[in-house]
Amino acid sequence: MNHSTNSKGQPKDGCRVYHHDDAENLPPHSHHDKETLSEVNVQSYWRANVKVLTVLLSLWALVSFGCGVLFSDWLDQFNLGGFPLGFWFTQQGTMLCFVAIIFIYHIWMKKIERAHGVDDDEGSIDNHPTNQTGTGAQP
Amino acid sequence: MSAQILSFIFVGLSFALYIGIAIWSRVGSTKDFYVAGGGVHPVVNGMATAADWMSAASFLSVAGILAFNGRDGAVYLVGWTGGYVLLALLLAPYLRKFGRFTVPEFIGDRYYSKLARVVAVICLIFISFTYIAGQMRGVGIVFSRFLEVDINTGVVIGMAIVFCYAVLGGMKGITYTQVAQYCVLIFAFMVPAIFMSIMWTDNPIPQLGLGDKLNDGSGLSVLQKLDQVTTELGFNTYTVGTRSTIDSLAIIAALMIGTAGLPHVIVRFFTVPKVSDARKSAGYALAFICIMYTTIPAVAAFSRLNLTESVHEVAYSEAPAWVEKWENTGLIAWKDKNNDGIMQYRPGHAFIPTKPVFTEARGDYGERVISNELTNNSNEMYVDRDIMVMANPEIAQLPNWVIALIAAGAVAAALSTAAGLLLVISSSVAHDLMKRTFMPDISDKKELLFARLAAVVAILIAGWFGINPPAFVAQVVAFAFGMAAASLFPPIVMGIFSKRINRSGAVAGMLVGLCSTLAYIIYFSFIAPEINNADHWFLGISPTGIGSLGAILNVIVTVVVSRFTPPPPAQVQDMIDDIRIPAGAGVAHEH
């Protein structure tokens, strides 16, 4: 409780510290109350995360609403393995793209998280000493 | 051996397997189902999620919808699978980090309000009940056919089995049981699909077979043949869509947002060890789902060809045996309008009401006599869409063991989903509603009692809807998605991505979203079904697609109300910061 409960928490030494034991009116939601992460890392991580989401969700919308509905009829003029392309997208293509999008997301995020030191790899504590407690190693 | 005896053996064996797994996983030191989840590998969890999510509707009904609607039916495929992307990108990692078991718990804590939690529970119950009703109908169809009883009797048998299964198997072994169920249902679905693909095109891969040339030497491809057949008989051309663009977009959006808001699917992501595993697990789940979902269009196309060939312009006295068997379940009916003894299968409803009302009598050719008023089109057949997958092996004259396999697969699909839903309903009622809201002092024993009672009530209500379905299985299920889209998804996503959204905004948004969507669906499905068409729909959006508009309304109301009310307290803002970072996710735990 040495930290201000003000959420805008005045930066100390240019580094904002999250103290989850401040949230005493709430039931604890994860077991890392003493965990501290530097604000810079967290903020740039979140920005990178939002960028990834924007790119992938645009792709998702393009595939499902675009190829699946809006340009579906236009795509029919092309042929893929005996299918009119637009028809193929509605029956199989969109779904295959969806699977690809999720796996791209997984790999991309993993990379970003390692770069920002906020990942949940086993033993990753060593990589970023600011992270004081275990990461998912609780019983 | 007859198909009926084989069905008994297959369904019996699969049951023995599920119960065996449930007992086996109970023996281990599974302190709780919840903690057991902590050690589930992403691939295993993905498989279980796939089984949880692929319901009787996926197994039985979607292929039927596609077979009868052609390209228009594809909105269900795109919508349901596309929702998985939203789930994986916007919800799964953060809810896993949050580390609790139920969706109302997240909403209650994020919006620091009992009222928000209660509203979330109400939304969740609405959704789950609608969804489970579809499962009961599905189980009913399976049992009515392979026990050769009336569909209503089938639903009652299904209710009894789901009840025993939920109580006997308990919820502890649910993950591994669902893995087994996935294996059973995917095998059962693929075998007839491969058979039919070989039968029509010589191509053993149904996904490719659909685009292939027919092997009858006509030089036509499967799709060309389908277009030809459907156009000749006066149906809509198979590969050409007739749905308006706005309605297609709305339905796809509603199904997508709804999938991501389905409580029984969301909770699955609490059971992986790490946040990154939640993402990976969603990917595997969708991959497993897509094995079946990319096969569905092929099954639909082949079965449409099969059905038309074996029924249209065939004398009733020479009809294949399956026609009479399905007629006995009440899911096929024939009225000889032109007195030629031949079945004509053409577009339009053969009679009013569209579902047949049978009398006890038999007609000149031994058909069941119906008392419906006749329409003046030339269609003489009623074929329930939900029978397509079940009837396929018989229509295609596949061996009896394939028929039995389908029965086991459909039961697996319905049971896995029903069990997941029952878990969500009972935990929400007992835990979120009773323990954490109204009766905080009740003992664990009492909480369990409430959980069981909630499950029983859920089964009874679901059974009633199974006997009196407001629509086809897939449509019933689609309504559930609409409600999930309009009520649960927006507050969860906004709760993660915005720190400004507060209690008043979320509660108002959920209520407006749920009520407006529900009102629209009830109005067009029950109060004024006669004007349920594009001319009367708001902006040309059908009741199936209205959830997307409900979701937009929800977001607007939430944002506006939040703007004019104080921001969430500091603790809540800290909690949001915390769930945004993957590091430090403990094992999901109970409070």
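Residues numbered from 1 in each chain as written. Chains lettered and ligands numbered in written order. Predicted model: local features only at pLDDT ≥ 70, side-chain atom pairs only at ≥ 80, totals over all residues. Heavy atoms only, no water.

### Some details on the overall build of chain A
Here's step 1: The helix and strand tally for chain A stands at three helices and two strands.
Here's step 2: Its helices and strands in sequence order give chain A the pattern α-α-β-β-α, from N to C terminus.
Here's step 3: Considering chain A as a whole, with its 139 residues, one finds that 50% of them fall into the buried category.
Here's step 4: Pairs at least 24 apart in sequence give 41% of the contacts found in chain A among residues at least 6 apart. (Helix = DSSP H or I, 4+ residues; strand = E, 2+ residues; numbered from the N terminus. Buried < 20%, exposed > 50% of the residue type's maximum accessible area, 1.4 Å probe, protein only. Contact = heavy atoms within 4.5 Å.)

### Thoughts on helix 18 (residues 400-438) of chain B
Residues and elements named next belong to chain B.
Here's step 1: Look at helix 18: 54 Å from first C-alpha to last across 39 residues, which is about the 57 Å you get at 1.5 Å a residue.
Here's step 2: In helix 18, a bend of some 30° at Ser-428 exceeds every other bend along the element.
Here's step 3: The buried count for helix 18 comes to 36 of 39 residues, which makes it a mostly enclosed element. (Expected span 1.5 Å × (residues − 1). Bend = angle between axes of the 7 residues up to and from the residue.)

### Quick word on the confidence of the model for chain B
Here's step 1: Of all residues in chain B, 91% have pLDDT values of 70 or greater, and the mean over the chain is 79.
Here's step 2: Ranking the elements of chain B by mean pLDDT puts helix 2 (residues 33-37) of chain B last with 41 and helix 23 (residues 546-563) of chain B first with 89. (pLDDT = per-residue confidence, 0-100.)

### Observations regarding the nonpolar core
If you look at soluble globular proteins, the nonpolar side chains tend to sit buried side by side.
Here's step 1: Core analysis: the biggest nonpolar cluster contains 206 residues, and Phe-59, Tyr-84, Leu-91, Ile-107 and Tyr-293 of chain B have the highest contact counts within it.
Here's step 2: Filtering out sequence-adjacent residues up to four positions away, Leu-91 of chain B remains in contact with Leu-86, Ala-260, Ile-266, Phe-489, Ile-492, Val-493 and Ile-496 of chain B. (Core = buried A, V, L, I, M, F, W, Y, C linked by side-chain atoms within 4.5 Å.)

### Structural notes on the side chain of Asn-49 of chain A
Here's step 1: By secondary structure assignment, the location of Asn-49 of chain A is in helix 1 (residues 39-70).
Here's step 2: Look at Asn-49 of chain A and you get buried, because its relative accessible area is 0%.
Here's step 3: Here Tyr-94 of chain B takes part through its side chain, which lies 2.8 Å from a polar atom of the side chain of Asn-49 of chain A.
Here's step 4: Asn-49 of chain A has contacts with Met-109 of chain A together with Tyr-94 of chain B, leaving out every residue within four places of it along the chain. (Polar contact = N/O pair within 3.5 Å; in protein donor to acceptor, adjacent residues only side chain to side chain.)

### Some points on the packing of aromatic side chains
The description of an aromatic ring pair rests on the distance of the ring centres and on the angle between the ring planes.
Here's step 1: All told, the structure shown has 16 aromatic pairs over all chains when counted by the stated rule.
Here's step 2: Centroid distance Phe-103 of chain A to Tyr-284 of chain B: 5.4 Å. Interplanar angle 75°. Geometry classified as edge-to-face. Of this pair, Phe-103 of chain A sits in helix 3 (residues 85-116) while Tyr-284 of chain B sits in helix 14 (residues 275-293), each in a different chain.
Here's step 3: A ring pair is formed by Phe-195 of chain B and Trp-401 of chain B, whose centres lie 6.4 Å apart and whose planes are at 65°; its orientation type is edge-to-face. Note that Phe-195 of chain B is positioned in helix 9 (residues 174-201) and Trp-401 of chain B in helix 18, a separation of 206 residues in sequence. (Phe/Tyr/Trp six-rings, centres within 6.5 Å; stacked < 30°, edge-to-face > 60°.)

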